[in-house]
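Now for the letters of each chain:
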Amino acid sequence: MANVIETTDAPASITTPYTLLVGQTAAGAIGVAFNSDFYRIDLTAGHQYVFALLGAGGSASLPDSLLTLEKLDGASGGTLTVASNDDSLGDGNSVIRFTAPETATYYLNAQGYWDFVGTYLLAANEGTRLNVGAELARNLLDNNDTGAQWTTNEGTSGNVTIGFRKTLAGVGATQFTDAQKAATQQITAMISEVCGLTFTYVDPTGFTDSATILLQNINDPFFPDRMGSSFSARRCFMWVACPAPLRR
Ligand SMILES: [Ca+2]
Ligand SMILES: [Ca+2]
Ligand SMILES: [Ca+2]
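The model shown is predicted, which means the values in this text are computed figures rather than measured ones.

J.: What is the right way to look at the overall build of the protein chain in this model?
T.: The helix and strand inventory of the protein chain stands at 2 helices and 13 strands. Split into buried and exposed, the 248 residues of the protein chain put 27% on the buried side. Restricting the contact set of the protein chain to residue pairs at least 6 apart, pairs at least 24 apart contribute 70%.

Right, here's the structure in full:
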């Protein structure tokens, strides 16, 4: 449950009645195209913060968010944008990492990208890494664009087979190392904790071509990096097969 609930639509200005404390989350909605919602937040000079805006709330979820951080502009009486992000959290979601140059009141401006509308979660925490609690994790795992899900009925538990690809494909393809295999198993264990999905490893210490999810590395200089830079040196690639009754 979010700490702050936007009941009446938040104005797109510093008159907003909503305040977010560092460490809290807010749940709100972009109800109409091109609307936006301001949340006041007090930041301390020299401290590092992470702010995230993501679609949340199932089928009504905001498919593509845009987040800016605003500060009062004394000269104009309006606000100045000091940081902004569109898609760096993946799946159209937004994340801003910000070191406050001064102790001041700032405003998080939650928006849909272009004319997108829907419900969202806004989160603020101190540090350099996004603090992903269960509520945030659940919505990050959601596919906002399609509402696709692993089980026939949303919210029920499911079982997915996973393995490390034996027959490689693509530019610069390599098999997962033992360290990568171990990290993958830690990550899927964390996902299982928050969403009730069970991952069954096919040959967890070896390689296979027969699982719903297959993982390998690729090293393709022309493959754009999802995290924002133009070209990435490395990324891992995931194949997802779709046996009934799973949908993805
Ligand atoms: Ca709103
Ligand atoms: Ca609004
Ligand atoms: Ca976006």
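J.: Mind showing me how you'd approach unusual backbone geometry here?
T.: A negative phi angle is the norm for most residues apart from glycine, just as the trans form is the norm for most peptide bonds. Although it is not a glycine, F34 adopts a positive phi angle of roughly 70°. Following the sequence through the fold, F34 ends up in the loop between β2 (25-30) and β3 (36-43). With 12 C-beta atoms packed within 10 Å, F34 lands in the exposed category. Backbone geometry places D203, a non-glycine residue, at a positive phi of 55°. Within the fold, D203 resides in the loop between β11 (197-201) and β12 (213-218).

J.: So what exactly am I meant to see when it comes to the nonpolar core here?
T.: Generally speaking, a soluble globular protein has its nonpolar side chains buried in company with each other. Counting 34 residues, the largest nonpolar core has L20, Y39, F51, L54, L108, Y120 and L122 as its most contacted members. Secondary-structure elements contributing two or more residues to this core are β2, β3, β4 (48-55), β5 (65-72), β7 (94-99), β8 (104-112), β9 (118-126) and α1 (134-141). Residue contacts for Y120: discarding those within four places in its chain leaves G28, A29, I30, L53, L54, G55, A56, L62, S65 and A110.

J.: Is there a simple way to think about the sheet that holds strand β6 (residues 79-85) in this case?
T.: The strands making up a sheet associate through backbone hydrogen bonding, with each pair oriented either parallel or antiparallel. The antiparallel open sheet is built from 4 strands, whose spatial order is β3-β8-β5-β6. What marks the edges here is a single partner per strand, and that holds for β3 and β6. Strand-to-strand twist across the sheet, computed as the mean angle between neighbouring axes with direction ignored, equals 30°. Of the pairings in the sheet, the one linking β3 to β8 comprises 8 bridges and is antiparallel in character. Looking at the pairing, D42 lines up with T105 of β8.

J.: Sorry, what's going on with the environment of E70 here?
T.: Assignment of secondary structure puts E70 in strand β5. When the 21 C-beta atoms within 10 Å are taken as the criterion, E70 is described as buried. For the pair E70 and I41, spaced 29 residues apart in sequence, the C-alpha to C-alpha distance is 9.9 Å. When near neighbours in sequence (up to four residues on either side) are disregarded, E70 contacts T79, L80, T81, V82, Y106, Y107 and N109.

J.: Explain the confidence of the model for the protein chain to me, please; I cannot follow it from the model alone.
T.: Within the protein chain, residue pLDDT values average 85, and 83% of them lie at 70 or more. Contacts of residues 224-234 to residues separated by more than four positions or lying in other chains number 14 contacts, the stretch itself having pLDDT below 50. Scored below 50 in pLDDT, residues 242-248 makes 13 contacts in the model with residues more than four places away or belonging to other chains.

J.: How should helix α2 (residues 178-195) be read in this particular structure?
T.: For an α-helix, 3.6 residues make a turn, and residues three or four places apart therefore share a direction. The first and last C-alpha atoms of α2 sit 26 Å apart over 18 residues, in line with the 26 Å expected at 1.5 Å per residue. Just beyond α2, the residue with positive phi is G196, at close to 75°.

J.: So what exactly am I meant to see when it comes to the sheet that holds β4 here?
T.: The mixed open sheet is built from 5 strands, whose spatial order is β1-β2-β9-β4-β7. The outermost strands of the open sheet, each flanked by one partner alone, are β1 (4-5) and β7.

J.: Would you take a moment to explain the environment of E6 for this structure?
T.: Take E6: it is sitting in the loop between β1 and β2. E6 sits in the buried class, given 22 other C-beta atoms within 10 Å. Separated by 12 residues in sequence, E6 and Y18 place their C-alpha atoms 7.5 Å apart. With residues near it in sequence (within four places) discarded, E6 still touches Y18, A26, A27, G28, A29 and D37.

J.: In this structure, what is going on with the environment of D203? I would like to understand it.
T.: The exposure class assigned to D203 is exposed, which follows from the 12 C-beta atoms found within 10 Å. Note: C-alpha distance between D203 and F164 (39 residues apart in sequence) is 8.2 Å.

Definitions and cut-offs
Residues numbered from 1 in each chain as written. Chains lettered and ligands numbered in written order. Predicted model: local features only at pLDDT ≥ 70, side-chain atom pairs only at ≥ 80, totals over all residues. Helix = DSSP H or I, 4+ residues; strand = E, 2+ residues; numbered from the N terminus. Buried ≥ 20, exposed ≤ 12 C-beta atoms within 10 Å, placed from the backbone. Contact = placed C-beta atoms within 7 Å. Core = buried A, V, L, I, M, F, W, Y, C linked by C-beta atoms within 7 Å. Pairing = 2+ DSSP bridges. Axes fitted to C-alpha atoms, helices over the stretch in contact; angles between N-to-C directions. pLDDT = per-residue confidence, 0-100. Expected span 1.5 Å × (residues − 1).

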